[in-house]
Amino acid sequence: MTGHTQSPDPTLDPELCPVHRSLEIVGDRWTMLILRRALLRGTTRFADFRDGLHIAPNILTDRLGKLVEEGIMERHGYREPGSRERFEYVLTEAGREFNMLVSALAGWGAKNRPLENSRRVDAYTLDDQQPVELAYVTPEGERVDPQRVSTRRRDLGDNPR
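Fair warning: this is a prediction, and the values are worked out from it, not measured in the lab.

Focus: the overall build of the protein chain
A tally of helices and strands in the protein chain yields six helices and six strands. Going from N to C terminus, the protein chain has its helices and strands arranged as α-α-α-α-β-β-α-α-β-β-β-β. Excluding contacts between residues fewer than 6 apart, the proportion of contacts in the protein chain whose partners are at least 24 apart in sequence is 42%. Entry remark: accessible area of the protein chain is about 13,000 Å², with carbon and sulfur atoms responsible for 50%.

Observations regarding the nonpolar core
Counting 20 residues, the largest nonpolar core has Val-26, Ile-34, Phe-49 and Met-73 as the members making the most contacts within it. Listed by contribution, the elements that provide at least two residues to this core are helix 1 (18–26), helix 2 (29–41), helix 3 (46–53), helix 4 (57–69), strand 2 (85–91) and helix 6 (98–112). The element contributing the most residues to this core is helix 2, with six residues. Here Val-26 is in contact with Thr-31, Met-32, Leu-35, Leu-67, Ile-72 and Phe-98, once residues within four sequence places are set aside.

Here's the deal with a negative patch on the surface
A grouping of Asp-13, Glu-15, Glu-24, Glu-69 and Glu-70 is seen on the molecular surface, where their side chains present a negatively charged patch. For Glu-24, the location among the structural elements is in helix 1.

Side note on the pattern of salt bridges
Taken as a whole and assessed by the stated rule, the structure comprises five salt bridges. A single network of salt bridges, built from pairs that share partners, joins Asp-28, Asp-62 and Arg-63.

What to know about the packing of aromatic side chains
Geometrically, a pair of aromatic rings is defined through the distance of the ring centres and the angle of the planes. If you walk through the whole model with that rule in mind, you get zero aromatic pairs. Above the plane of the ring of Trp-30 lies Arg-29, whose end atom (NZ or CZ) is 4.4 Å from the centre. When the ring centre of Phe-87 is taken as origin, the NZ or CZ atom of Arg-75, which lies over that ring, is 3.7 Å away.

Section: the pairing of strand 2
By the bridge criterion, seven bridges tie strand 1 (residues 73–79) to strand 2 in an arrangement that is antiparallel. In the sheet register, Tyr-78 faces strand 2, and the bridge partner there is Arg-86. Between the antiparallel neighbours strand 1 and strand 2 lie five residues, among them Gly-82 with a positive phi of about 80°.

Points about the environment of Glu-88
One can find Glu-88 in strand 2. Linking Glu-88 and Phe-46, residues 42 residues apart in sequence, is a C-alpha distance of 6.5 Å. Non-local contacts of Glu-88, meaning those with residues more than four positions away in its chain, are made with Thr-44, Arg-45, Glu-74, Arg-75, His-76 and Tyr-78. A distance of 3.1 Å separates the side chain of Glu-88 from the side chain of Thr-44, its partner in a polar contact.

Looking at the confidence of the model for the protein chain
Scored by pLDDT, the protein chain comes out at a mean of 88, with 89% of its residues at no less than 70. Per-residue pLDDT, averaged within each element of the protein chain, yields its smallest value for strand 3 (residues 123–124) (84) and its largest for helix 4 (98).

Comments concerning the packing of helix 2 against helix 4
It is the contact of helix 2 with helix 4, at a shortest axis distance of 10 Å, that shows an interaxial angle of 70°. Judged by the angle between their axes, helix 2 and helix 4 are roughly perpendicular. For the pair helix 2 and helix 4, the contacting residues are Trp-30, Thr-31, Ile-34 and Leu-35 in the first and Ile-59, Leu-60, Arg-63, Leu-64 and Leu-67 in the second. In terms of residue class, the contact of helix 2 with helix 4 is made up of seven nonpolar, one polar and one charged.

Observations concerning the side chain of Thr-92
Mapped onto the elements of the fold, Thr-92 is located in the loop between strand 2 and helix 5 (93–96). On the basis of relative accessibility, which here comes to 12%, the residue Thr-92 falls in the buried class. Engagement of the side chain of Thr-92 in a polar contact is seen with the backbone oxygen of Gly-71, the distance being 2.6 Å. Residues in contact with Thr-92, not counting those within four places in the same chain, are Gly-71, Ile-72, Met-73 and Glu-74.

Definitions and cut-offs
Residues numbered from 1 in each chain as written. Predicted model: local features only at pLDDT ≥ 70, side-chain atom pairs only at ≥ 80, totals over all residues. Heavy atoms only, no water. Helix = DSSP H or I, 4+ residues; strand = E, 2+ residues; numbered from the N terminus. Contact = heavy atoms within 4.5 Å. Areas by Shrake-Rupley, 256 points an atom, 1.4 Å probe, with all protein chains shown as cover. Core = buried A, V, L, I, M, F, W, Y, C linked by side-chain atoms within 4.5 Å. Buried < 20%, exposed > 50% of the residue type's maximum accessible area, 1.4 Å probe, protein only. Patch = residues over 30% accessible without salt bridge, like charges linked within 9 Å, V, L, I, M, F, W, Y side chains within 5 Å. Salt bridge = Lys/Arg side-chain N within 4 Å of Asp/Glu carboxyl O. Lys, Arg positive; Asp, Glu negative; His and termini not counted. Charge placed at Lys NZ, Arg CZ, Asp CG, Glu CD. Phe/Tyr/Trp six-rings, centres within 6.5 Å; stacked < 30°, edge-to-face > 60°. Lys NZ or Arg CZ within 6 Å of the ring centre and 35° of its normal. Pairing = 2+ DSSP bridges. Polar contact = N/O pair within 3.5 Å; in protein donor to acceptor, adjacent residues only side chain to side chain. pLDDT = per-residue confidence, 0-100. Axes fitted to C-alpha atoms, helices over the stretch in contact; angles between N-to-C directions. Parallel < 35°, antiparallel > 145°, perpendicular 65-115°, else oblique. Nonpolar A, V, L, I, M, F, W, Y, C, P; charged D, E, K, R; others polar.

Structural data, given as structure tokens:
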């Protein structure tokens, strides 16, 4: 965010802020890494999340439960022959929309937190593999340099301009 800064308003309810509400769900490292793995690798099974992320089972259970409760993932039962019922965790539409956030974080990290021999994530279209990137775009389709973008808070019902 560029432009002017405002002094904190002690009467502002943080629950009204969409960033605050979003971070209550996905604001910790493990939740974001679970979503990244689901989006980039198509991971759905508990054991695959656990083994791929090297995450403690109790933490994984907690984070998957929260993602299901918040409608970002759905839990589906399955049974391997001779085994007990297990569950896989499938992204919902809301979960798949996190692809933009994961891509934005990956791009920011590659640019601002580079490491030698690190990875980068490229986005592309599914149909013809054309590279795509995130951008600010006006309603008329004009691309806007992020340095020219600022934000402001509006209460619902305010005039959009």
